[in-house]
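# Secondary and tertiary structure notes
Here are the chains, one letter per residue:
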Amino acid sequence: MEVGLDWTAVLVAALAYLSALFAIAHWADRREAAGRSVIASPTVFALSLGVYCTTWTFYGSVGRAATLGIGFLPVYLGPTLLMLLAPLVLRKILRIAKTQRITSIADFLASRYGHSPLLGGLVALTATVGVTPYIALQLKAVAVSFDALTGGGGLGPAEGPFLDHGFLIAAVMALFAIVFGARQIDAAEHHPGMVAAIALESLVKLVAFLAVGLFVVWGLHDGLGSLFDAAAARSDLARLMGSDPALGHTPAGNGPVGNGLWGAWVTTTILSAAAMLCLPRQFQVMVIESVDERHLDRAVWLFPLYLLLINLFVLPVALSGLLSFGGRLDPDLFMVALPLSGGADWLALLAFLGGLSAAAGMIVVESVALSTMLCNDLVMPILLRTRSRALARSADLAPLLLSVRRIAIVAILLFGYAYFRLAGSAYALVSIGLISFTAVAQFAPALIGGLYWRGATRRGAIGGVTAGTLVWAYTLLLPSFARSGWLPASFIADGPWGIAALRPYALFGLEGWDSLAHSLFWTALANIGAYVGLSLFDRPGAAERAQAAAFVDVFQSAPNGAVPLREAPPDWRSAASVGDLTRVVARFLGPQRAERAFAGADPDEPAGPERLRLAERLLAGAIGGASARVALASSVSAGAVEAAELLRMLDETSDVIAHSRELERKTAELERATDALRAANERLTELDRLKDDFLSTVTHELRTPLTSIRALSEILHDDPDLDSDQRQEFLAVIIKESERLTRLINQVLDMAKIEAGALDWRIETIDAGPALAEAVAATEALFLERGITLSVDIPDNLPPVRGDVDRVIQVVVNLLSNAAKFTPPGGRTRMETRLETGFLRVTVSDSGPGVPAKDRELVFDRFRQSGDTLTGKPAGTGLGLAIAKRIVEHLGGRIGVADAPAGPVPESGKGAAFWFTLPLAGSAADVQELGERRE
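This write-up is about the structure you can find in this document. (Residues numbered from 1 in each chain as written. Predicted model: local features only at pLDDT ≥ 70, side-chain atom pairs only at ≥ 80, totals over all residues. Heavy atoms only, no water.)

Of the regular secondary structure elements, the protein holds 36 helices and 7 strands. Counting every position in the protein, which comprises 935 residues, the buried fraction comes to 54%. Within the protein, contacts between residues at least 6 apart in sequence are counted, and of these 80% link residues at least 24 apart. Carbon and sulfur atoms provide 60% of the accessible area of the protein, an area that totals close to 39,100 Å². (Helix = DSSP H or I, 4+ residues; strand = E, 2+ residues; numbered from the N terminus. Buried < 20%, exposed > 50% of the residue type's maximum accessible area, 1.4 Å probe, protein only. Contact = heavy atoms within 4.5 Å. Areas by Shrake-Rupley, 256 points an atom, 1.4 Å probe, with all protein chains shown as cover.)

Here's what the structure looks like:
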């Protein structure tokens, strides 16, 4: 590759860009102070999740695609699958973090398992060690891409430590993190400037990647077709466009990637999903910095869309780079090298700034999250236990807390830089990232289990994280130093002391697996085995039980996390005073915050359990849950209560809260069950009454035609000489009453078949016009008999509909018969049709008394009839409209009733307009709804 841009111009551009990020962050902080928060936007929240896309995405994905083809995708499938579970997992985590004032993932786990300082410190230490390679990845990527852009060819041998580009980047990122991430005491509060800068960086790296991709595909080639044709012409590149490299054999020498489906695809998907949840920086932006859990609704689809867009051109860029450079250049550098080779220097600079954005976002958020964990869960618990008297003499510990966090940020970046110089050169970018992914995945069993398993205990969580981390260090971290020459190569080949069973890449004889899948198997076995085994044989304490209930049943708690306490034990009333709590809160959060918290209370008044828990929650937001307990125990006045006694009281308070929550949960469940039983009983009573009414009505309706038939039949039988005209009249009445009797019986049978799902359906495309006309003809005699004018408006060109012709006629006959029944003599009834989107609407209007609004849903229930004092109870079983409703809904339509439209129809009363719809043949609604119903 030819010499690129002048290094001073690139450096000035990089510093200008980072200065712009400083300005954006400062602007966002000022907007927050003015009450116009920038981060109170679901879009900003979703974009901030793009911090997941580091230089691994910007450079490493192209390098991975150059060897595995589509094998780069699992890194993004994992987070996408996790977002699908957001309503079950992430929303619960967000609610818990808000309720418990969580400050980090270490604080989350420590708080879940009884505010365990040991577990919090272990997670903080593990995260720091595990993420160090990932920070080194960012420094390496920026340094190497800088050299590639300026023609420096990477780190020169004359350059010593602290004189290279990696160190300069680390120093600038440390300054940014200190200024915008370690400026306030309460770590549970938000960092609007940092989040706004991260959201902007996500846009910059997306635009940069898409710009390079468009240039490569349409600038260097004549489109995707031309590029893929050129790649397909070479056998070594054609294989990258298939699935074999991703799911089959992986060439040796590429670090911990994988052989076969388990190694290359499933393993990386599992690890990336766990990393999305457990990486400190992801937990920071997704949980700690979240201002509204409803923002998750947009992130569920916007973040996967972002991942899709930023990966659109990964494979084309990889193929183009291999066509252009072959094996002469590290594929991780194709993003910068291709624009340079094409003469687009400005685009190469934009690509470098995109990679710088990816690195800066990760480094800043990761260092802020890790510094909070180290301060709250490692340093402060140690200081509070070993230097409690010295700390008690200090009236303001805020400067100490900020100093610890700032020193931690500097130390974290120095460790990352050291790993980059010592071991970073032995791995590709993706391989370094996967080492870190496996490390933080050790938090997943304790985290997920703690959300849903009440029986999980502190010892189980500590045992699981410890066992998994030790196996990770042995199977991945130490081999990385051996591959870099800092440990003997025989450590990998022969095992320590020549013991073949202890080879880190073939532990206990498990051979044939790649190193990543091998490590994931053994870490999961050790971690989950210890977590479940120790929890099953352990007995949790009061604090653990309380926190288990608070986490598992968080949605049953009050929205602000407050739980009313029952009567407290007597020894709490004279334990710590309000003054004691005010002093300790003021020491960490300032006098004003403490005064607001305990305003109006007498300093000499006993604190009681409620204020004790309030103080603990306030301190938890600044120094974490575990440290808050230690601070309270070590800072109350000696004459009031001993530290051990106060800790016992906190545990008992937690136990009371746990029992209170459990009692409230059971009470709520009992109330819901009682309400359900009451509603069911009322429904059964109503159905029983309706059944009695139905039986009475049916009996009456059946008796009337039977009585007429019997009486007239007896007359005909007893008087054979009856006049012929009279005989014909009686026979006509007998036939009419028999038909009426048949209709009544058919209605009962139809309803029974519908309820049992045994009704035969013949759903097909039908001509609506003739079906409606047949129904009108079948009922026309009813209107003539009652002197009711019937007008019909059925256009000749009605489109075909989907339905069962016999059932459609039955519905229309029921509606017309219903109108004839309620329309007074001399009244009017009208049937008309009109087209709606995808449906045909049929309306039958009458001039009867109408249907009151309160009865418009009830009239379609079984056995229901509408009537008033003037008309009395109408004839019929009350099944006609119920049958019509079930038929229409089965055919994919709707049915209802409204007031008759204004005009000539309603001549008395309000009038009623019964309507129903049928899906037009071939409409989307027809296909979808009928398909669902047939299934």
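On we go from here.
Attention now moves to the side chain of Asp538. Of note, Asp538 is situated in the loop between α25 (515–536) and α26 (542–552). A relative accessible area of 17% means that Asp538 is categorised as buried. At 3.0 Å, the side chain of Asp538 and the side chain of Thr457 are in polar contact. (Polar contact = N/O pair within 3.5 Å; in protein donor to acceptor, adjacent residues only side chain to side chain.)

Even without a glycine there, the phi angle at Trp497 is positive, about 55 degrees. By secondary structure assignment, the location of Trp497 is in the loop between α24 (490–493) and α25. Trp497 sits in the exposed class, given a relative accessible area of 78%. Non-glycine residue Phe508 carries a positive phi angle of around 55 degrees. Mapped onto the elements, Phe508 comes out in the loop between α24 and α25.

Attention now goes to the pattern of salt bridges. Using the criterion set out here, one finds 16 salt bridges in the structure. Where Glu889 meets Lys885, a salt bridge forms, and the shortest distance between an N and an O atom there is 2.6 Å. In this pair, Glu889 and Lys885 are both assigned in helix α35 (residues 880–890), 4 residues apart and thus about one turn of the helix distant. Sharing partners across several salt bridges, the network here consists of Arg91, Arg95, Glu293 and Asp297. (Salt bridge = Lys/Arg side-chain N within 4 Å of Asp/Glu carboxyl O.)

Taken together, the side chains of Leu85, Leu88, Ile448 and Tyr452 define a hydrophobic patch exposed on the protein surface, amounting to about 370 Å² of accessible area. Examined against the element boundaries, Ile448 turns out to sit in helix α22 (residues 444–452). Given the relative accessible area of 32%, Ile448 is considered partly exposed. (Patch = residues over 30% accessible without salt bridge, like charges linked within 9 Å, V, L, I, M, F, W, Y side chains within 5 Å.)

Strands sit in the order β2-β4-β5-β7-β6 across an open sheet of 5 strands; the sheet is mixed. Looking at which strands have only one partner, the edges of the open sheet turn out to be β2 (789–793) and β6 (895–899). The mean angle between the axes of side-by-side strands here comes to 20 degrees, regardless of whether they run parallel or antiparallel. Contacts from helix α34 (residues 805–822) reach β2, β4 (828–836), β5 (839–846) and β7 (912–919), with the element oriented near 175 degrees to β7. (Pairing = 2+ DSSP bridges. Axes fitted to C-alpha atoms, helices over the stretch in contact; angles between N-to-C directions.)

Another point: helix α1 (residues 7–33). The end-to-end C-alpha separation of α1 is 39 Å, in line with the 39 Å expected for 27 residues at 1.5 Å each. Turning to α1, its buried residues are Val10, Ala13, Ala14, Tyr17, Leu18, Leu21, Ala25, Ala28 and Asp29. Two residues or fewer past α1, Gly35 is found with a positive phi of approximately 85 degrees. (Expected span 1.5 Å × (residues − 1).)

With that settled, the discussion passes to the environment of Val365. Tracing the sequence through the fold places Val365 in helix α18 (residues 345–386). Overall, the relative accessible area of 0% leaves Val365 in the buried class. As for Val365 and Val195, which are separated by 170 residues in sequence, their C-alpha atoms are 8.7 Å apart. Beyond its immediate sequence surroundings of up to four residues, Val365 is in contact with Val51, Met194, Ile198, Arg281, Gln284 and Val285.

This next bit is on the packing of helix α7 (residues 117–150) against helix α23 (residues 458–483). The N-to-C vectors of α7 and α23 enclose an angle of 20 degrees; their axes lie 10 Å apart at closest approach. With respect to α23, the axis of α7 lies roughly parallel. Classified by chirality, the crossing of α23 by α7 is left-handed. For the pair formed by α7 and α23, the contact residues are Leu118, Leu119, Leu122, Thr126, Val129 and Gly130 on the first element and Ala461, Ile462, Val465, Thr466, Thr469, Trp472 and Leu477 on the second. Looking at the contact of α7 with α23 residue by residue, the classes come out as 9 nonpolar, 4 polar and no charged. (Parallel < 35°, antiparallel > 145°, perpendicular 65-115°, else oblique. Left-handed = near helix turned anticlockwise from the far one by under 90°. Nonpolar A, V, L, I, M, F, W, Y, C, P; charged D, E, K, R; others polar.)

The next thing to look at is the pairing of β5. Across the 8 residues that make up β5, a large majority, 8, are buried. Residues Phe839, Arg841, Thr843 and Ser845 of β5 are buried on one face, and the alternating residues Leu840, Val842, Val844 and Asp846, pointing to the opposite face, are buried as well. Bridging between β4 and β5 involves 8 bridges; their strand directions are antiparallel. For Leu835, the partnering residue across the bridge sits in β5 and is Leu840. Between β4 and β5, which pair antiparallel and follow one another directly, the connecting turn spans 2 residues, one of which, Gly838, has a positive phi of 80 degrees. Sheet topology places β5 next to β7; 7 bridges connect them, and they run antiparallel. Opposite Phe839, over in β7, you have Pro919 as the bridge partner.

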